[in-house]
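# Architecture at a glance
Read off the chains here:
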Amino acid sequence: MSAQIIYGKSISDSIRQELLHEVETFKSKGITPGLVVILVGEDPASQVYVRNKAKACEQLGYYSEVVRVPAETTQDELLELIKKYNTQENINGILVQLPLPKHIEEKAIIDAISVEKDVDGFHPENVGNLMIGDDALLPCTPSGVIELLKRTGNHPAGKHAVVIGRSNIVGKPVAMLLLRENATVTICHSRTQNIEEMARQADILVVAVGIPKLVKKDWVKPGAVVIDVGVNRLPDGKLCGDVDYDDVLDVAGWVTPVPGGVGPMTITMLMANTLKSAKRAHE
Ligand SMILES: NC(=O)C1=CN([C@@H]2O[C@H](COP(=O)(O)OP(=O)(O)OC[C@H]3O[C@@H](n4cnc5c(N)ncnc54)[C@H](OP(=O)(O)O)[C@@H]3O)[C@@H](O)[C@H]2O)C=CC1
Ligand SMILES: Nc1nc(=O)c2c([nH]1)NC[C@@H]1CN(c3ccc(C(=O)N[C@@H](CCC(=O)O)C(=O)O)cc3)C=[N+]21
Ligand SMILES: [Mg+2]
């Protein structure tokens, strides 16, 4: 038996097609969604994401700006830039690429982005609304994971979901969304004991750690759905996930590849959030 592959790229393409129809209706009223991506410094990995985001904007006919500022930019300068885009009417979404250089306090930057334009869903008010279950701008990678599950018929309700990783960007919010979808959720992290055994209890295993090929076949319950959020650049320049894809292939029921799994969904959910924000701005 071999796992079914969850082609995030093609699911992402069909969601973009759905979005395109909505965008066209919206644009016929003379309104264009706008996104700005702010990139501090020259991190080559970030450059790729930024390029993919700009490409998605072009594909959907959004207005898009990419602002590149040097790594030495001060926190105050960055705050000024955010303030400008908070009030700029043709911009509905502001994304500041993380991580930021060490001299800039991430929290201060995230707090400064207006809640309505926080298309990453990282602002404390959006995080709070996610916890409470109110309609919020949801973080892109976590909501992309939920879409992948639902669109492959792997509905989380009643399932045991194990999330490995507890970052504010991925692990914690994906756990919260799975809970919202009525899964029973376990969160594992670097201090978890017997992590393999924990993972093996999962009907749905979501891995967001940042260690190449950490998860092997003995971490996976036969038939489980394995969602690999990890994007790691190997020394040879290739991308790989946090899951040893080839190893788990004959144990898992479903598995996402890297690249072509969660990554494209993240960008698509960003586009969806930007449209949502644009619609709200014109209600
Ligand atoms: N596909 C996409 O769109 C995206 C992909 N990513 C990728 O996902 C991965 C995770 O990103 P992010 O959440 O930001 O990473 P962080 O480094 O912020 O968090 C990593 C988490 O993994 C935990 N961890 C570290 N080592 C182990 C271990 N040996 N066993 C169990 N848990 C461990 C940490 O635990 P502790 O809290 O105890 O330190 C932490 O909670 C990265 O590869 C990143 O590139 C990220 C965002 C979007
Ligand atoms: N404010 C902020 N928001 C983010 O959402 C954010 C961030 N900062 N910092 C970095 C992480 C990482 N991330 C990815 C997005 C897309 C792909 C992606 O498109 N991946 C493609 C391949 C891309 C490639 O070739 O490198 C794939 O997996 O198929 C990967 C990773 C968003 N992040
Ligand atoms: Mg991090």
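Residues numbered from 1 in each chain as written. Chains lettered and ligands numbered in written order. Predicted model: local features only at pLDDT ≥ 70, side-chain atom pairs only at ≥ 80, totals over all residues. Heavy atoms only, no water.

Identification of the protein as Bifunctional protein FolD from Cohnella silvisoli is taken from an unreviewed UniProt entry.

### Some words on the UniProt feature "domain: Tetrahydrofolate dehydrogenase/cyclohydrolase catalytic" (unreviewed entry) in the protein
What counts here: UniProt positions are given in the numbering used here, feature names are shortened, and annotations may be inferred rather than shown by experiment. Only DSSP runs of H or I reaching four residues or more are called helices, and only runs of E reaching two or more are called strands; each is numbered from the N terminus.
In this structure's numbering, the residues bearing the UniProt feature "domain: Tetrahydrofolate dehydrogenase/cyclohydrolase catalytic" (unreviewed entry) are residues 6-120. Along residues 6-120, the helical share is 50% and the strand share 16%, with 24 Å between the first and last C-alpha atoms.

### Remarks on the sheet that holds strand β3 (residues 63-69)
Definition in use: Pairs of strands are assigned from DSSP output, requiring at least two bridges between the strands. As a rule, the C-alpha atoms of each element are fitted with a line to give its axis, helices using only the stretch in contact, and angles between N-to-C directions run from 0 to 180 degrees. Residue contacts are defined here by distance: any two heavy atoms, one from each residue, within 4.5 Å place the two residues in contact.
Strand order across the open sheet formed by three strands is β3-β2-β4, with parallel pairing between neighbours. Lying at the two open borders of the sheet, with one neighbouring strand each, are β3 and β4 (93-96). The average undirected angle you get between the axes of adjacent strands in this sheet is 15 degrees. Inspection of the sheet shows strand β2 (residues 34-40) paired to β4 by four bridges, in the parallel sense. Each residue of the ladder has a partner; that of Leu-35, found in β4, is Gly-93. In the packing of helix α10 (residues 262-281) onto the sheet, contacts are made with β2 and β4, and the angle to β2 comes to roughly 125 degrees.

### Digging into the domain arrangement of the protein
Definition in use: The split of the chain into domains comes from an automatic or database domain assignment.
Split by domain assignment, the protein resolves into domain 1 (29-114) and domain 2 (139-263). Domain 1 and domain 2 are separated by 28 Å when their C-alpha centres are compared.

### A closer look at the sheet that holds strand β8 (residues 225-228)
Spatially, β1-β11-β8-β7-β5-β6 is the arrangement adopted by the six strands of the open sheet, whose pairing is parallel. Two strands close off the open sheet at either side, each with one partner strand: β1 (4-5) and β6 (184-188). Relative to strand β7 (residues 204-207), strand β5 (residues 160-164) runs parallel, the two being bridged by four bridges. Across the sheet, the residue bridging to Ile-164 is Val-207, located in β7.

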